[in-house]
Amino acid sequence: MSRASTSARPPGRPRTGVNAEVFAATLRTVHELGYARATVERIAAAAGVAKTTVYRRWPTKGELIVDCLVDAFGPAPLEGADRAEIMSSIVRWIAGKISEPGTGDAFAGVFSDAVSDPALREVLSTRFQDPYRLALQEALGEPEQRVLLYIDVVVGTLLHRMGMTGEPMVESDVDALIEMVLRHFADGPGGAPGA
């Protein structure tokens, strides 16, 4: 077989390898320096890539952080014997992810930036929140507005605790959050609050 007919790998690292390295470097840099000081330049240096490599894939820091969070969170655990189990596992999953080094800081930082940046807010909504919202709507048979309220209550509470204390919520408080959320949502669409 001639050299011209073999399929040679293009020069440089495989694309997915670069993404994984940049995502790991992003969370590490945010954890070590804080969200504000974790610049694209510092993240690129920590990943061992040129900043142009990062900017080609993610035009802004916000887009990088959102895609990094999508990768860090992965698919939602939507399994359980009943609604209460599914909803409880979701709360524990989100609490666990937010407590991972760099992840809670990155989430809180990009969320805060999105408040005054409509373009970033759109990226955060479409790439991060919407896929989870749609999966929850399907798994729970809930309308969009109730799922959004569930997300707001759970994520808002967990991020607020992280922002106010610098620490993730302790397990006993996660248990109390689950109990509170289930009181309102476990009965299903249109369920009576406090039932």
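Right above here is the structure, for reference.
An account of the accompanying structure is given in this report. Owing to the predicted nature of the structure, the values given are computational and were not obtained by experimental measurement. (Residues numbered from 1 in each chain as written. Predicted model: local features only at pLDDT ≥ 70, side-chain atom pairs only at ≥ 80, totals over all residues. Heavy atoms only, no water.)

Details of the overall build of the protein
- Check the secondary structure of the protein and you find nine helices and zero strands.
- Start at the N end of the protein and walk to the C end: the helices and strands fall as α-α-α-α-α-α-α-α-α.
- A buried classification covers 39% of the 195 residues belonging to the protein.
- Taking all contacts inside the protein whose residues are at least 6 apart in sequence as the whole, residues at least 24 apart take part in 63%.
- When the accessible surface of the protein is split by element, carbon and sulfur atoms take 56% of a total near 10,500 Å². (Helix = DSSP H or I, 4+ residues; strand = E, 2+ residues; numbered from the N terminus. Buried < 20%, exposed > 50% of the residue type's maximum accessible area, 1.4 Å probe, protein only. Contact = heavy atoms within 4.5 Å. Areas by Shrake-Rupley, 256 points an atom, 1.4 Å probe, with all protein chains shown as cover.)

Observations regarding the pattern of salt bridges
- All told, the structure shown has 11 salt bridges when counted by the stated rule.
- One salt bridge connects R161 with D173, and the closest N-O pair in it is separated by 2.8 Å. Highlighted residues: R161 in helix α8 (residues 144–165) and D173 in helix α9 (residues 171–185), separated in sequence by 12 residues.
- D173 sits in the partly exposed class, given a relative accessible area of 27%.
- The network of salt bridges with shared partners includes E63, D67 and R127. (Salt bridge = Lys/Arg side-chain N within 4 Å of Asp/Glu carboxyl O.)

Focus on the environment of T52
- Tracing the sequence through the fold places T52 in helix α3 (residues 51–57).
- Looking at T52, the relative accessible area reads 47%, which means it is partly exposed.
- Remark: the alpha-carbon pair of T52 and E41, spanning 11 residues in sequence, is separated by 9.2 Å.

Looking at the layout of surface pockets
- Roughly 470 Å³ of volume is contained in the largest pocket.
- Taken together, 21 residues make up the lining of the largest pocket; nearest its centre are F107, F111, Q129, I151 and V155.
- Residue assignment for the lining of the largest pocket shows that the elements contributing at least two residues are α5 (83–99), α6 (103–115), α7 (118–140) and α8.
- Among the elements that make up the lining of the largest pocket, the one with the highest residue count is α7 (seven residues). (1 Å grid on protein atoms, 1.4 Å probe; cavity = no way out; pocket = protein on both sides within 12 Å on 5 of 7 lines; lining within 4 Å. Points joined across faces, edges and corners; volume = space filled by probe spheres on them.)

Comments concerning α7
- Q129 marks the point of greatest bend in α7, at about 45°, and the proline P131 comes within the next four residues.
- Among the structural elements, α4 (61–73), α5, α6 and α8 are those in contact with the buried residues of α7.
- The residue sitting at the N-terminus of α7 and contributing the capping side-chain oxygen is D117; that oxygen lies 3.2 Å from the backbone nitrogen of A119.
- A positive backbone phi angle near 65° is found at G141, which sits one or two residues after α7. (Bend = angle between axes of the 7 residues up to and from the residue. Polar contact = N/O pair within 3.5 Å; in protein donor to acceptor, adjacent residues only side chain to side chain.)

Thoughts on the packing of aromatic side chains
- The full count for this structure, using the stated rule, is eight aromatic pairs.
- Pairing F73 with F107 gives two aromatic rings, centres 5.9 Å apart and planes at 85°, and the pair type is edge-to-face. Pair noted here: F73 is in helix α4 and F107 is in helix α6, with a separation of 34 residues, a long-range link. Considered together, F73 and F107 belong to a single accessibility category, that of buried residues.
- Seen in terms of ring centroids, F107 and F128 are 5.2 Å apart; in terms of plane orientation they differ by 75°. Their pairing is edge-to-face. Linking F107 in helix α6 with F128 in helix α7, this pair joins segments that are 21 residues apart in sequence. Here the two residues F107 and F128 agree in accessibility, since each one is buried. (Phe/Tyr/Trp six-rings, centres within 6.5 Å; stacked < 30°, edge-to-face > 60°.)

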